[in-house]
Amino acid sequence: MNSDLTPARIVDELDKYIIGQADAKKSVAIALRNRWRRLNAKEELRGEIIPNNILMIGPTGVGKTEIARRLAQLADAPFVKVEASKFTEVGYVGRDVESMVRDLVEQSVNLVKAERKQEIEVKARDNANELILDILIPPIKASKHRDAALLAPVKEGEAQPESDEQLNERTRERFREKLRKGELEDRKIELEVTVPTQSVQVMGPGAMEGMDGLQDLISGMIPKKTKRRTMTVAEAREHLTEEEAQKLIDMEAVIREALDRAANSGIIFIDEIDKIATGAHSKARPDVSREGVQRDLLPIVEGSTVNTKHGAIKTDHVLFVAAGAFHVSKPSDLIPELQGRFPIRVELNPLTREDFRMILQQPRNALTKQYQAMLDAEGVTIEFSPAAIDAIAETAFEVNQEMENIGARRLHTIMSNLLNDILFEVPDLTDVRHFVIDKAFVQSKLQRLTSSKDLSHYIL
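Just so it is clear, the structure is predicted and the values come from calculations on it, not from any experiment. (Residues numbered from 1 in each chain as written. Predicted model: local features only at pLDDT ≥ 70, side-chain atom pairs only at ≥ 80, totals over all residues. Heavy atoms only, no water.)

Novice: Explanation requested: the nonpolar core in the structure shown.
Specialist: Where a protein is soluble and globular, its nonpolar side chains tend to be buried together. Judged by nonpolar contacts, the single largest core of 55 residues is most densely connected at Met415, Leu419 and Ile437. At seven residues, the largest contribution of residues to this core is made by helix 16 (residues 386-402). Leave out the neighbours within four places in its chain, and Leu419 touches Tyr371, Ile382, Phe384 and Ile437. (Core = buried A, V, L, I, M, F, W, Y, C linked by side-chain atoms within 4.5 Å. Buried < 20%, exposed > 50% of the residue type's maximum accessible area, 1.4 Å probe, protein only. Helix = DSSP H or I, 4+ residues; strand = E, 2+ residues; numbered from the N terminus. Contact = heavy atoms within 4.5 Å.)

Novice: What is the right way to read the layout of surface pockets from this model?
Specialist: To find leftover empty space, a probe the size of one water molecule is rolled over the atoms. When its volume is computed, the largest pocket comes out at roughly 840 Å³. Looking at the lining of the largest pocket, the elements with two or more residues in it are helix 4 (64-75), strand 2 (79-83), helix 15 (367-376) and helix 17 (409-425). When its residues are assigned to classes, the lining of the largest pocket shows 13 nonpolar, 10 polar and 10 charged. (1 Å grid on protein atoms, 1.4 Å probe; cavity = no way out; pocket = protein on both sides within 12 Å on 5 of 7 lines; lining within 4 Å. Points joined across faces, edges and corners; volume = space filled by probe spheres on them. Nonpolar A, V, L, I, M, F, W, Y, C, P; charged D, E, K, R; others polar.)

Novice: Would you mind showing me how to read the side chain of Lys25 here?
Specialist: Relative to the elements of secondary structure, Lys25 occurs in helix 2 (residues 22-39). On the basis of relative accessibility, which here comes to 1%, the residue Lys25 falls in the buried class. With residues near it in sequence (within four places) discarded, Lys25 still touches Val11, Leu14, Asp15, Ile18, Ile19, Gly20 and Ile67.

Novice: When you look at empty space enclosed by the protein in this model, what are you seeing that I'm missing?
Specialist: For the structure shown, the criterion picks out one cavity of 30 Å³ or more. Volume-wise, the largest cavity comes out at about 30 Å³. What lines the largest cavity is Leu55, Ile273, Pro331, Leu334, Leu338, Gln339, Phe342 and Arg345. Looking at side-chain class alone, the lining of the largest cavity contains six nonpolar, one polar and one charged residues.

Novice: It is not clear to me how the side chain of Thr232 should be interpreted in this structure. Could you clarify?
Specialist: Here Thr232 shows up in strand 4 (residues 225-232). On the accessibility criterion, Thr232 (13% relative accessible area) is buried. Not counting chain neighbours up to four residues away, the residues in contact with Thr232 comprise Glu185, Asp186, Arg187 and Lys188.

Novice: I tried to follow helix 6 (residues 121-136) on my own but got confused; where do I start?
Specialist: An α-helix turns once per 3.6 residues; consequently, residues spaced three or four apart project the same way. The end-to-end C-alpha distance of helix 6 is 22 Å, a good match for the 22 Å that 16 residues give at a rise of 1.5 Å each. For helix 6, every residue scored as buried is listed here: Ala124, Ala128, Asn129, Ile132, Leu133 and Leu136. On its buried face, helix 6 is in contact with helix 8 (164-181), strand 3 (188-195) and helix 10 (233-248). (Expected span 1.5 Å × (residues − 1).)

Novice: Is there a simple way to explain the pattern of salt bridges in this structure?
Specialist: Following the criterion strictly, the structure yields 34 salt bridges and no others. Among the ionic pairs, Arg102 bridges to Asp96, the shortest N-O distance being 3.1 Å. For the pair shown, Arg102 and Asp96 are each scored as buried. Ionic pairing is found between Glu257 and Arg116, a salt bridge with its closest N-O pair at 2.1 Å. Placement of the pair is Glu257 in helix 11 (residues 251-265) and Arg116 in helix 5 (residues 99-119), with a sequence separation of 141 residues. Under the relative-accessibility criterion, Glu257 is labelled partly exposed at 26%. It is possible to trace a salt-bridge network through shared partners that takes in Glu130, Asp134, Glu169, Arg172, Glu173 and Arg176. (Salt bridge = Lys/Arg side-chain N within 4 Å of Asp/Glu carboxyl O.)

Put into structure tokens, the structure is as follows:
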């Protein structure tokens, strides 16, 4: 983690994508900075400093998941999102809680592997070009007979004859330069490729999900088949670059670093944790104990060793961020031991009209900017007037108030209904290359839907 990533800077970065929720941003920023502080603390105390896990409380669509996801991207840390309601108590059919840690390790391996691949990409591409060159102009090996002929005396005034190897190498150098310049991209060549074998599935209950290593072992025993395929030089380069990268990457070193990164920098986001709370008003599931799921989850959050196909990992310093709406239950309905493992509690506020207006304009990935980028690909520009933005925000807020509140996700359905006709007709329009979305347009498109509760219930 970069030492320049201070809490204030983390919040500034989160502000670029998420509107409001200052308390939640501040809490996760401190938690992320504390990880850097622990790694740079005195060694005798480093192992004693445990992460302050966070419990986010708030309705859906207000930014809980996005905060955690963006936080992981900032820290370049392995990140996994799971839903607590998908897990079951040990002994029942379903996913066991340890699978979230295995997923985290797998994500970490992929992350480190991608970094290593980027480091050796140039060398892998050069190696791929040499293999393509061998196919286009196969090298000629020197022979003793030709060497002896070249050593024969040459009469005065005569030039030394070039060997076949020298001519071959000159030709190869010309083609090597053409490959570098991309002049042979469309030429067809034949390449021997490995046919992917069908993976072997080991069937078993949720508690047997740790048998990924056995699946890989059995799959590795199946002989690999190859076949010749005709493809362009550009396609062959991509295929061979991938193969060469796999050869250049030290997977043992990748796995070692990935396990360390998952254990010390990994973030697990547990969504819908309120669904496993045993509140007095919640309806217990008939066959699975919610409290049992909590007790299975407890040792993972507290810190335990989990075996994965890449090796064992300790979860003592993994940061857990849990989230839930807690409409029916409340945080105190969780078992006391689990409550104690989430000492930082942050309440996220429902979105207001102003929040919706800002969400449509300010974030880097704002929906209006996304639609502008998509239509720009068609050579068309689209402009949203301030009054139109206000009308869209007002509609989203009112529909959330009248029906189920799904937060910012409501904007996706509204924008889709608003612009569907334009998106459909644009490819065939030749005379209109600029659209202005004003308040009148928004009202004409959405008034029928918002005025009819039956229609809005199913469409918005």
